[in-house]
Amino acid sequence: MANKRILVTFSNDVKKNYDCSLLLKDDLFKPLSNENLFRSAKADKHGYGISWMDELALSESELWINGVFAEQKNSA
């Protein structure tokens, strides 16, 4: 998503938006200011979180606790 946000869909079908822009203040996550690197995020095997090049990662609990519920449309 734009502005360093990630949309995450959990195994219970809950969708949350996670704002990664605040992470850029931490030296460890500064490389994510590179748009190509940021867009290379991949879900970890077995759903333990997301990672970038196996060097930077966010746990599923971080994404769940600090993510904001995304609007979900009813399929009725």
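Please refer to the structure placed before this passage.
This one's a predicted model, so the numbers in the text were calculated from it and none came from an experiment.

**Quick notes on the environment of K45**
1) Next: Turning to its location among the elements, K45 is positioned in the loop between strand 3 (42-43) and strand 4 (49-52).
2) Next: Take K45: its relative accessible area is 71%, and that puts it in the exposed class.
3) Next: Sequence spacing of K45 and E55 is 10 residues, and the spatial spacing of their C-alpha atoms is 15 Å.

**Thoughts on the packing of aromatic side chains**
1) Next: Following the criterion strictly, the structure yields 3 aromatic pairs and no others.
2) Next: Pairing F38 with W52 gives two aromatic rings, centres 6.3 Å apart and planes at 25 degrees, and the pair type is stacked. Pair noted here: F38 is in helix 1 (residues 35-38) and W52 is in strand 4, with a separation of 14 residues, a long-range link. Neither F38 nor W52 differs from the other in exposure class; each is buried.
3) Next: Their ring planes at 80 degrees and their centres at 6.3 Å tell us that W64 and F69 sit as a pair that is edge-to-face.
4) Next: With a relative accessible area of 56%, F69 lands in the exposed category.
5) Next: Three or more aromatic residues joined by ring pairs form one cluster here, namely F10, W64 and F69.
6) Next: Sitting above the plane of the W64 ring, K16 keeps its charged end 3.9 Å from the centroid.

Rules used in this analysis
- The residue numbering used here restarts from 1 in each chain and proceeds along that chain's sequence as written.
- Only residues with pLDDT of at least 70 get local features here, since the model is predicted, and only at 80 or more are side-chain atom pairs given and counted; chain-wide, interface and lining totals rely on the full set of residues.
- Hydrogen atoms and water are omitted, and side-chain values are computed over all heavy atoms in the structure.
- The helix and strand labels rest on DSSP assignments: H or I over at least four residues marks a helix, E over at least two residues marks a strand, and numbering proceeds from the N terminus.
- Only protein chains enter the accessibility calculation, which uses a 1.4 Å probe. A residue is then buried if its area is under 20% of the maximum for its type, exposed if over 50%, and partly exposed in between.
- Here is the rule: rings of Phe, Tyr and Trp (six-membered ring for Trp) pair when centre to centre is within 6.5 Å. Planes less than 30 degrees apart are stacked, more than 60 are edge-to-face, and the remainder are tilted.
- For a lysine, the NZ atom is tested; for an arginine, the CZ atom; a charge sits over a ring if that atom is within 6 Å of the ring centre and within 35 degrees of the ring normal.

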